[in-house]
Amino acid sequence: MVATPAWPPQSTPRLFVEQPLGPGQIRIEGAQAHYLVSVMRTKVGDPVKLFDGVSGEWLGVASVVGKRDLLLDVTERLREREHVPDLWLCAAPLKKGRIDWLVEKACELGVARLVPTLTRRTVVDRLNLERLRAHMVEAAEQCGRTAVPDLAEPVKLSGLLRDWPEDRTLFFADEAGGVPALAAMRDGGAAAAILIGPEGGFDDAERDAIRALPQAIGVSLGPRILRADTAAAAAVSLWMAAKGDW
């Protein structure tokens, strides 16, 4: 007996759209239309997976294909929106390339919110949030996420600490040493954040200010010196293993 092919196929392209999804018709334009028409060679009747970050993943079927746009008939919901663990990543901005990698991995690993945090030794103080958001969206499209992390406006470390929520644990990667990260994260609450400093680390005054926050716990990521982007990915992975949805 010949097996029935899966529908939609695993190779079906996925797109994030800003507008709310539901049964009906949706127009795709601009760069997304170019991707579907010129790169993926989408034809009438071909499927496209869609998600809006709110309502899950939907099946769209191409009904009209033009040179610069196309219409998709949204026919059914394929998946509900994923559960997103309540983890923020507060990270000092890095140089272009490394910050791109960091936001991509933050999305892939499942963080709920990314907060660019400006410290005294932060080298980069201006971020193109639109570009970083695009990297997050692309990562979500490729790795099958049905939610895109919230990308906050950059905030100074002093402001972050001043307005810190009382019910959220803050694990900060302390170069001076701390509790083994995995053990601390296993004991922490469900609402948490990870604070990663710049390549040069926190200065003494910043470290003292962080330690003065009642919700802060200094953690160690092991005996090796890690670059800031590596430390962020390692810390998020540990938290997801301890308290997240892995």
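An account of the accompanying structure is given in this report. Computed from a prediction, not measured in an experiment: that's the story for all the values here.

**Quick notes on the pattern of salt bridges**
One side chain can pair with another of opposite charge once the charged atoms of both are near each other. Counted by the stated rule, this structure contains 17 salt bridges. Between arginine 79 and glutamate 57 there is a salt bridge; the shortest N-O distance is 3.2 Å. In this pair, arginine 79 sits in strand β5 (residues 69–79) while glutamate 57 sits in strand β4 (residues 57–65), placing the two residues 22 residues apart along the sequence. By relative accessible area, glutamate 57 is classed as buried at 4%. Here arginine 168 and aspartate 86 are joined by a salt bridge, their closest N and O atoms 3.0 Å apart. Taken together, the residues span a long stretch of sequence, with arginine 168 in the loop between α4 (157–162) and β10 (169–173) and aspartate 86 in the loop between β5 and β6 (87–91) at a distance of 82 residues. The exposure class of arginine 168 is buried, given its relative accessible area of 7%. Here aspartate 86 falls in the partly exposed class, since its relative accessible area comes to 33%. Connected through shared salt-bridge partners, Asp174, Glu175, Asp204, Arg207 and Arg211 make up one network.

**Here's the deal with the sheet that holds β5**
The five strands are arranged β1-β3-β4-β5-β2 in an open sheet whose pairing can be described as mixed. On the outer flanks of this sheet lie β1 (14–16) and β2 (24–29), each paired with one strand and no other. Along the sheet, successive strands turn relative to each other by an average axial angle of 40°, direction set aside. Pairing of β4 with β5 involves eight bridges; the strand directions are antiparallel. Bridging from a neighbouring strand, tryptophan 58 pairs with arginine 77 of β5.

**A word on the state of the cysteines**
Counted under the stated rule, the structure contains zero disulfides. With no disulfide partner, cysteine 107 has as its closest neighbouring cysteine sulfur the one in cysteine 143, 5.0 Å distant. Residue cysteine 107 is classed as buried on the basis of its relative accessible area of 0%. Overall, cysteine 143 belongs to the partly exposed group, its relative accessible area being 37%.

**A word on the environment of alanine 173**
If you trace the backbone, alanine 173 turns up in strand β10. On the basis of relative accessibility, which here comes to 15%, the residue alanine 173 falls in the buried class. Distance in space between the C-alpha atoms of alanine 173 and leucine 127 is 23 Å, their sequence separation being 46 residues.

**With respect to the nonpolar core**
Judged by nonpolar contacts, the single largest core of 39 residues is most densely connected at Leu87, Leu89, Leu102, Ile194, Ile196, Val236 and Trp239. In contact with isoleucine 194, other than residues within four places in its own chain, are Leu87, Trp88, Leu89, Cys90, Leu170, Phe171, Met185, Ala235, Val236 and Trp239. Among the nonpolar cores identified, the runner-up in size contains 16 residues, and Leu157, Ala193, Ile210 and Ala216 belong to it.

**Digging into empty space enclosed by the protein**
A complete count under the given rule lists two cavities of 30 Å³ or more for this structure. Taken together, Ala91, Ala92, Pro93, Ile99, Val103, Leu114, Pro116, Leu127, Leu132 and Leu151 make up the full set of residues lining the largest cavity. Looking at the lining of the largest cavity, the elements that each hand over two or more residues are α2 (98–109) and β7 (113–118). Of the residues belonging to the lining of the largest cavity, the class tally is 10 nonpolar, no polar and no charged. By volume, the second largest cavity amounts to about 30 Å³. As for the second largest cavity, its lining consists of Leu89, Trp101, Leu102, Lys105, Ala106, Leu109, Asp229, Ala232 and Ala233. Secondary structure elements with two or more residues in the lining of the second largest cavity: α2 and α7 (228–242). With five residues, α2 is the largest single contributor of residues to the lining of the second largest cavity.

The rules we used
Residues numbered from 1 in each chain as written. Predicted model: local features only at pLDDT ≥ 70, side-chain atom pairs only at ≥ 80, totals over all residues. Heavy atoms only, no water. Salt bridge = Lys/Arg side-chain N within 4 Å of Asp/Glu carboxyl O. Helix = DSSP H or I, 4+ residues; strand = E, 2+ residues; numbered from the N terminus. Buried < 20%, exposed > 50% of the residue type's maximum accessible area, 1.4 Å probe, protein only. Pairing = 2+ DSSP bridges. Axes fitted to C-alpha atoms, helices over the stretch in contact; angles between N-to-C directions. Disulfide = S-S within 2.5 Å. Core = buried A, V, L, I, M, F, W, Y, C linked by side-chain atoms within 4.5 Å. Contact = heavy atoms within 4.5 Å. 1 Å grid on protein atoms, 1.4 Å probe; cavity = no way out; pocket = protein on both sides within 12 Å on 5 of 7 lines; lining within 4 Å. Points joined across faces, edges and corners; volume = space filled by probe spheres on them. Nonpolar A, V, L, I, M, F, W, Y, C, P; charged D, E, K, R; others polar.

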